[in-house]
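# Descriptive structure summary
Here's the letter readout for the chains.
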Amino acid sequence: MLRTLFTAIPVRFAGVVLAYLALVVISRAASPAEFGTYAFLLALAMLLASPARLGLRRYLTREWSAGRGEASELRRWAYGTIARGALIVALVPVLVATLRFGDLVLGVVIFGAAILIALNAVQTAALYAARRPIAGQICELIARNLAVVTLASSVVLITGGDLSARAAIAVFATASALALAISIGTRRALLSGLPEGHDSTKQTAASTSGRYRAVIALSAAAGIQMLATQVDLLALGFLRPIEETGYYRLAAQLAGLAAVPLAAATTYAEPRFSKWLHGGNTTAAVMLLKRGATALAAVSGAIAVMVVTFGADLVFFLFGPAYAPAAEPLGLLAVNAWAACSFGLVMTLAMSAGLERKLASAAAIALAANVVLSLIAIPHFAMQGAAAATLASTVLLRILAFRLITREMGKS
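Rules and cut-offs
Residues numbered from 1 in each chain as written. Predicted model: local features only at pLDDT ≥ 70, side-chain atom pairs only at ≥ 80, totals over all residues. Heavy atoms only, no water. Helix = DSSP H or I, 4+ residues; strand = E, 2+ residues; numbered from the N terminus. Expected span 1.5 Å × (residues − 1). Bend = angle between axes of the 7 residues up to and from the residue. Axes fitted to C-alpha atoms, helices over the stretch in contact; angles between N-to-C directions. Parallel < 35°, antiparallel > 145°, perpendicular 65-115°, else oblique. Contact = heavy atoms within 4.5 Å. Nonpolar A, V, L, I, M, F, W, Y, C, P; charged D, E, K, R; others polar. Salt bridge = Lys/Arg side-chain N within 4 Å of Asp/Glu carboxyl O. Buried < 20%, exposed > 50% of the residue type's maximum accessible area, 1.4 Å probe, protein only. Patch = residues over 30% accessible without salt bridge, like charges linked within 9 Å, V, L, I, M, F, W, Y side chains within 5 Å. Areas by Shrake-Rupley, 256 points an atom, 1.4 Å probe, with all protein chains shown as cover. Polar contact = N/O pair within 3.5 Å; in protein donor to acceptor, adjacent residues only side chain to side chain. Left-handed = near helix turned anticlockwise from the far one by under 90°. Core = buried A, V, L, I, M, F, W, Y, C linked by side-chain atoms within 4.5 Å.

Here we take up helix 12 (residues 282-319). The periodicity of an α-helix, 3.6 residues per turn, causes residues three or four places apart in sequence to face the same way. For helix 12, which comprises 38 residues, the first-to-last C-alpha distance of 47 Å sits more than 12% below the rise-based estimate of 56 Å (1.5 Å per residue). The sharpest bend along helix 12 measures roughly 65° and falls at Phe310. One or two residues past the end of helix 12 sits Gly320, with phi positive at roughly 100°.

This is how it looks when you write it as structure tokens:
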């Protein structure tokens, strides 16, 4: 099991490096205003895809790992859910892009990218549940970022000029399509010889309405930090000059280095939490939680200190002097990443235990606090206000989650 964890960490690190390379290529080829537009639209795509990327993927991983339901039936339901969700939100990106930038095409492309990201979540969930976390991470993290780096570099070399926001978004959408194709091929290649599902006569899957409630709850509970960041980016895009959205995007990415260990730990712990809790082995789950939280606090803290110490130099070196303001919110965002990472496995354990609905209530409170604080602080304190709002919501959610899991584990 430790071998899986130690393999997952470098894979995750490679994904982070490629994500940074993608930002470096696009930010250096685009003006701050064009990059800010790209960051705003990318935040919108990620926000639209978050129910599938955060909630649906975790729900499928949990159900398949615990042996509930039949895999092909769950996959068909997931595709249908994505299609129905797409119909509901179809006008949102079009209206936002048209009202904010006067460009309907940008909204259509963003909508397409969100759908591709959602479909990819279903493929990676199958790989995670089948104990193929490395393959899942490669498809989820490396494939798309590698495609973005390659395509963006090619566009810049061919055109020999500045990269527009429209071109950057088109690159991202194309990379998402390539990543989906790779995920489908990988799932079929690795899992074709294995049993596709579980005997649904032995264990009954949840009802359709129950599934929807679980996915919504998991989305809110699992993605509060990501959702808060996307909300901050969108709020900055509407309330401040568009360049600040780009600066904040770069700062959040740099500060996110302190949260990288959590992703690797979650990849290792999530299916094991589900299996142990489903089998009644609460002691093993709590032991893994304690050891993991201690290790994450130490590793994430060391990374956060380095980010704060060398952040301004990194911004200048990676993105150039035009993006120097990105260093301003780094301190608060690094502390936020450390707090999220240190207590992140508490969230994972709560969701694996089926407490996502109770956790979602706490997440809704924290997200509402983030929105209110952002609307108050951003007009006066700009990026620093956005970072402070995110940190406050992260700390609030961790406190509520810790109280919840302590109470529920005590009952068992």
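With that settled, consider the packing of helix 11 (residues 260-278) against helix 12. Relative orientation of the contacting elements helix 11 and helix 12 amounts to 175°, with a least axis distance of 10 Å. With respect to their mutual orientation, helix 11 and helix 12 come out roughly antiparallel. Touching Pro261, Leu262, Ala265, Tyr268, Ala269, Phe273, Trp276 and Leu277 of helix 11 are Thr282, Ala284, Ala285, Leu288, Leu289, Leu296, Val299 and Ile303, all from helix 12. Of the residues belonging to the contact of helix 11 with helix 12, the class tally is 15 nonpolar, 1 polar and no charged.

Below, the discussion takes up the pattern of salt bridges. Applying the stated criterion across every chain yields a total of 2 salt bridges. With a closest N to O distance of 2.8 Å, Asp103 and Arg166 form a salt bridge. Here the residue Asp103 occupies a position in the loop between helix 4 (91-101) and helix 5 (104-129), and Arg166 occupies one in helix 7 (residues 165-191), the gap between them amounting to 63 residues. What makes Asp103 buried here is its relative accessible area of 16%.

Further remarks concern a nonpolar patch on the surface. Taken together, the side chains of Phe238, Leu239, Val371 and Leu375 make up a nonpolar region of the molecular surface, amounting to roughly 350 Å² of accessible area. When residues of the nonpolar patch are traced back to their parent elements, those giving at least two are helix 9 (224-239) and helix 15 (356-411). By the element assignment, Leu239 lies in helix 9. The class of Leu239 is partly exposed, set by a relative accessible area of 41%.

On to the environment of Val122. Checked against the element boundaries, Val122 lands in helix 5. A residue is classified by how much of its surface remains accessible, and Val122, at 1% relative accessible area, is buried. Measuring from C-alpha to C-alpha, the distance between Val122 and Arg75 comes to 7.0 Å, with 47 residues separating the pair along the chain. Contact partners of Val122, with chain neighbours within four places excluded, come to Leu56, Leu60, Trp64, Arg75, Ala78, Tyr79 and Ile82.

So, about the side chain of Ser342. Inspection of the secondary structure puts Ser342 in helix 13 (residues 330-342). Looking at Ser342, the relative accessible area reads 4%, which means it is buried. Within the structure, Ser342 has its side chain in polar contact with the backbone oxygen of Trp338 (distance 2.8 Å). Contacts of Ser342, omitting those with residues within four sequence positions, involve Ala293, Leu296 and Ala297.

Attention shifts here to helix 11. Spanning 19 residues, helix 11 covers 28 Å between terminal C-alpha atoms, matching the ideal 27 Å at 1.5 Å per step. Within helix 11, the axis deviates most sharply at Thr266, by approximately 35°. Backbone geometry just after helix 11 places Gly280 at a positive phi near 85°.

To continue, consider the environment of Ala337. With respect to the helices and strands, Ala337 occurs in helix 13. For Ala337 and Leu257, which are 80 residues apart along the polypeptide, the C-alpha to C-alpha distance reads 7.9 Å.

What follows is about the packing of helix 11 against helix 14 (residues 344-352). Contact geometry for helix 11 and helix 14: axes closest at 9 Å, N-to-C directions at 30°. Judged by the angle between their axes, helix 11 and helix 14 are roughly parallel. At the point where helix 11 passes helix 14, the crossing takes the right-handed sense. Counted together, Leu262, Ala265, Thr266, Ala269, Glu270, Phe273, Ser274 and Leu277 of helix 11 and Gly344, Leu345, Thr348, Leu349 and Ser352 of helix 14 form the full contact between these two elements.

Residues Ile26, Phe35, Tyr38, Phe172, Tyr248 and Phe319 are the most contacted members of the largest nonpolar core, which totals 65 residues. Among the elements that line this core, the one with the most residues is helix 2 (residues 32-66), at 10 residues. Ignoring sequence-local partners within four residues, the contact set of Phe319 consists of Tyr20, Leu23, Val24, Ser27, Arg28, Leu250, Leu254 and Leu314. Counting residues in each nonpolar core, the second largest holds 26 residues, with Met351, Leu355, Leu397 and Leu404 among its members.

The values are spatial; any link to function lies outside them.
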